[in-house]
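# Coordinate analysis (summary)
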Amino acid sequence: MVMQWRLCVYSLRILLLAPCSLSEKFSLVGSLHPVVGVVGRDVVLPCQLSPPARLPSMEVRWRKIGSGFIPVHEYSDDGPQDMSGESYQTRTELFLQEFSSGNVSLKLKRLLVVDAGKYQCFVRNPEWSREATTELQVAAVAPVFIDVLGPRDQGIGLACRSTGWFPKPELQWVGKNWQNLSMEIVTSMTQDRENLYSVVSHVTVTEREENEEISCIVRNGLLETVQQSAIHLSGDVFPRVSPWLAAFWVMFTLVLIAAGVCAYLGYAAKRKASQKKRSKCETLINLETEKKTWESEYQELRETTDVERKTIESECQELRKKLDAERKAFEAECQELRKKLDAERKAFEAECSKLRERIESQEKENKKLKSECGKLRKTIAQTTRRCSPQHYGHFYAQPAVEKDEQGVRV
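Notes on the structure follow. Note that residues are indexed from 1 along each chain, following the sequence as it is written. A pLDDT threshold of at least 70 governs which residues receive local features in this predicted model, and a stricter bar of 80 or more applies before side-chain atom pairs are shown or counted, although totals over entire chains, interfaces and linings include all residues. Hydrogens are left out, water is left out, and the side-chain values use all remaining heavy atoms of the structure.

Turning next to the overall build of the chain. Each helix and strand in the chain was counted, giving three helices and 18 strands. Should any heavy atoms of two residues lie within 4.5 Å, those residues are counted as being in contact. Considering only contacts within the chain whose residues lie at least 6 apart along the sequence, 58% involve residues at least 24 apart. Numbering of helices and strands runs from the N terminus; a helix is a DSSP stretch of H or I covering at least four residues, while a strand is a stretch of E covering at least two.

Listed below in structure tokens is the structure:
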């Protein structure tokens, strides 16, 4: 008895400690350092289950951490298997084939500036759950252009411009030996609807920088990368007393400005066409997804309609059988009623014929009685005439007196 109780206690301990031991056995690790992605490209947010294993009934959830949890991607062995969040349609993907090696990382496609933030990787099954956090930083770079603005006081005006940076970039003018320019520099930055920065910087270069190469450098501190553009200035480009030379440089400046504008317009048109093509592809993918959804709904509706139609047909068949049985019963009752009515009609006709015969015999008897009554009337009339005093008056006029033999009146 004692041994049985000990076995029960040990079994209960094993059952209670099994989830704890399984929970302690596995761990979930994200990225220890922020992950940096470039706008328009794809990025992978790492999340590794250790030791590598594919657990039964596993559920994986990726959520962005903000004022609340924003669904990014969900996977479940039991429910809907692979679904993107509402704000991330067609832009997220899990490495399902690598689940067995513990890789539950998330691939985020066509990165946007608004995608920056902290993401939570949450993995669970019926026995345990784990979560890990990964920070995503987003950056963007763009080409740099230098425009020659023409003569400015005793020098040449230059403009450096670039559009499509994130986060806020740093701009620097350098000359010979990469030394910063000593003249006044005016720089301005703006931000568009996509949160991308545009930078424009103006500088006036004097003859001291003659025969030197002037460079404009724009640096992205997050990516630790630079984009630059350079222009070589000779002594001929600086303003002189000769009006022909000034006119030449004005024309040269206009040509450079036109070339810069054409290059900028070409870049903007190319970027716009790329965005338009990307939006068109996303629209086609959304339409394809909606088409598949409608087709599945149509198939389900068709199957439901077929089931309902078969049910209605079976019910109609049963109703037909019941109606046929009731009709046959009704016809049998009608047949019996017809037979009863025929029998009653025949009996009624027989009674009517009997009544007619009785009436006819009664009429004959009445006729006989009438004739006999007539004869009686005539007989009575004749008798009455015979019995009247006129007919028998002579009998009363001289009454007879009888006498007996002695002559005494009687």
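Next, the rest of the story.
When two cysteine sulfur atoms are found within 2.5 Å, that pair is recorded as a disulfide. Taken as a whole, this structure holds two disulfides when the rule is applied. Across the disulfide, Cys47 is cross-linked to Cys121 (sulfur-sulfur distance 2.2 Å). With the S-S bond torsion at -85°, the cross-link from Cys47 to Cys121 turns out left-handed. Of the two residues, Cys47 is situated in the loop between strand S3 (43–45) and strand S4 (48–50) and Cys121 in strand S10 (residues 117–125); the sequence distance between them amounts to 74 residues. Here Cys47 matches Cys121 in class, with each residue buried. Only protein chains enter the area calculation, which uses a 1.4 Å probe; residues under 20% of their type maximum are buried, those over 50% are exposed, and those in between are partly exposed.

Here the focus is the sheet that holds strand S7 (residues 82–84). When DSSP finds two or more bridges between a pair of strands, those strands are recorded as paired. If you trace the six strands from one edge of the open sheet to the other, you get S2-S11-S10-S5-S6-S7, paired in mixed fashion. Each having just a single partner strand, strand S2 (35–38) and S7 make up the two edges of the open sheet. Strand-to-strand, the axes of this sheet are offset by a mean angle of 25°, without reference to chain direction. Here four bridges tie S2 to strand S11 (residues 128–139), and the two strands are oriented parallel to one another. When the sheet's bridge partners are listed, Gly37 is paired in S11 with Val138. Angular values range over 0 to 180 degrees, each being the angle between N-to-C directions of two axes fitted as lines to C-alpha atoms, with helices fitted over their stretch in contact.

So, on to the sheet that holds strand S8 (residues 92–94). Read from one edge of the open sheet, three strands run S3-S9-S8, paired in antiparallel fashion. What marks the edges here is a single partner per strand, and that holds for S3 and S8. Across the sheet, the mean angle separating the axes of adjacent strands is 25° when strand polarity is ignored. As paired elements, S3 and strand S9 (residues 106–108) share three bridges and run antiparallel to each other. Note that in S9 the partner of Leu45 across the bridge is Leu106.

In this section: the pattern of salt bridges. A side chain with one charge may pair with a side chain of the opposite charge, provided their charged atoms come close. For salt bridges, the criterion is a side-chain nitrogen of Lys or Arg within 4 Å of an Asp or Glu carboxyl oxygen. Following the criterion strictly, the structure yields 13 salt bridges and no others. With a shortest N-O distance of 3.0 Å, Asp115 and Arg91 are connected by a salt bridge. Of this pair, Asp115 sits in the loop between S9 and S10 while Arg91 sits in the loop between S7 and S8; the two residues are 24 residues apart in sequence, bridging distant segments of the chain. The class for Asp115 is buried, based on a relative accessible area of 2%. On the basis of relative accessibility, which here comes to 6%, the residue Arg91 falls in the buried class. Two residues, Asp306 and Arg309, come together in a salt bridge whose shortest N-O distance is 3.8 Å.

Burial of strand S13 (residues 155–165) is extensive: 10 of the 11 residues sit out of reach of the surface. Judged from the seven bridges that link them, strand S12 (residues 145–152) and S13 form a sheet pairing that is antiparallel. Along S13, the bridge assignment pairs Phe145 with Arg161. From the end of S12 to the start of S13, which pair antiparallel, there are two residues, and Asp153 there has a positive phi angle of about 55°. Here nine bridges tie S13 to strand S16 (residues 197–205), and the two strands are oriented antiparallel to one another.

A few words on a positive patch on the surface. Here the term patch refers to residues with relative accessible area over 30% and no salt bridge, with like charges joined within 9 Å and nonpolar side chains (Val, Leu, Ile, Met, Phe, Trp, Tyr) within 5 Å. Per-residue and other accessible areas were derived by the Shrake-Rupley procedure at a 1.4 Å probe size, with only the shown protein chains allowed to occlude residues. Within this scheme the basic residues Lys and Arg register as positive and the acidic residues Asp and Glu register as negative, but His and the chain ends are omitted. Every charge is mapped onto a representative atom, which is NZ of Lys, CZ of Arg, CG of Asp or CD of Glu. A surface patch of like charges, here positive, comprises Lys364, Lys367, Lys368 and Lys370. Following the sequence through the fold, Lys368 ends up in helix H2 (residues 243–386). Taking the relative accessible area as the measure of exposure, Lys368 reaches 55% and is therefore exposed.

Here a cavity is any set of points on a 1 Å grid over the protein atoms alone where a 1.4 Å probe fits but cannot get out, and a pocket is any open set with protein on both sides within 12 Å along at least 5 of 7 lines; a residue lines the site when it has an atom within 4 Å of a point. Grid points are joined across faces, edges and corners, and a volume is the space filled by probe spheres set on the points. The space that makes up the largest pocket amounts to roughly 700 Å³. What lines the largest pocket is a set of 26 residues, among which Val39, Gly40, Arg271, Gln275 and Arg278 lie closest to the centre. A per-element tally of the lining of the largest pocket places H2 first, with eight residues. Residue composition of the lining of the largest pocket, by class: 11 nonpolar, six polar and nine charged. Its volume calculated, the second largest pocket comes out at about 280 Å³. Lining the second largest pocket are 13 residues, with Thr163, Asp192, Glu194, Arg271 and Gln275 sitting closest to its centre. For the lining of the second largest pocket, the secondary structure elements donating two or more residues are strand S15 (185–191) and H2. Residue contributions to the lining of the second largest pocket peak at six residues, all from H2. Throughout, the ten residues Ala, Val, Leu, Ile, Met, Phe, Trp, Tyr, Cys and Pro are labelled nonpolar, Asp, Glu, Lys and Arg are labelled charged, and all others, Gly among them, are labelled polar. Each residue belonging to the lining of the second largest pocket can be placed in one class, and the counts come to three nonpolar, five polar and five charged.

Turning next to the pairing of S11. Bridge count between S10 and S11: nine bridges; the pairing is antiparallel. Pairing of Asn125 across the sheet is with Trp128, part of S11.

This paragraph deals with unusual backbone geometry. Here the bond from Ser50 into Pro51 is cis, since omega is -5°, no more than 30 degrees from zero. Relative to the helices and strands, Pro51 is located in the loop between S4 and strand S5 (59–65). The residue after Phe166, namely Pro167, is reached through a cis peptide bond having omega -5°. Looking at where Pro167 falls in the secondary structure, it is placed in the loop between S13 and strand S14 (170–174).

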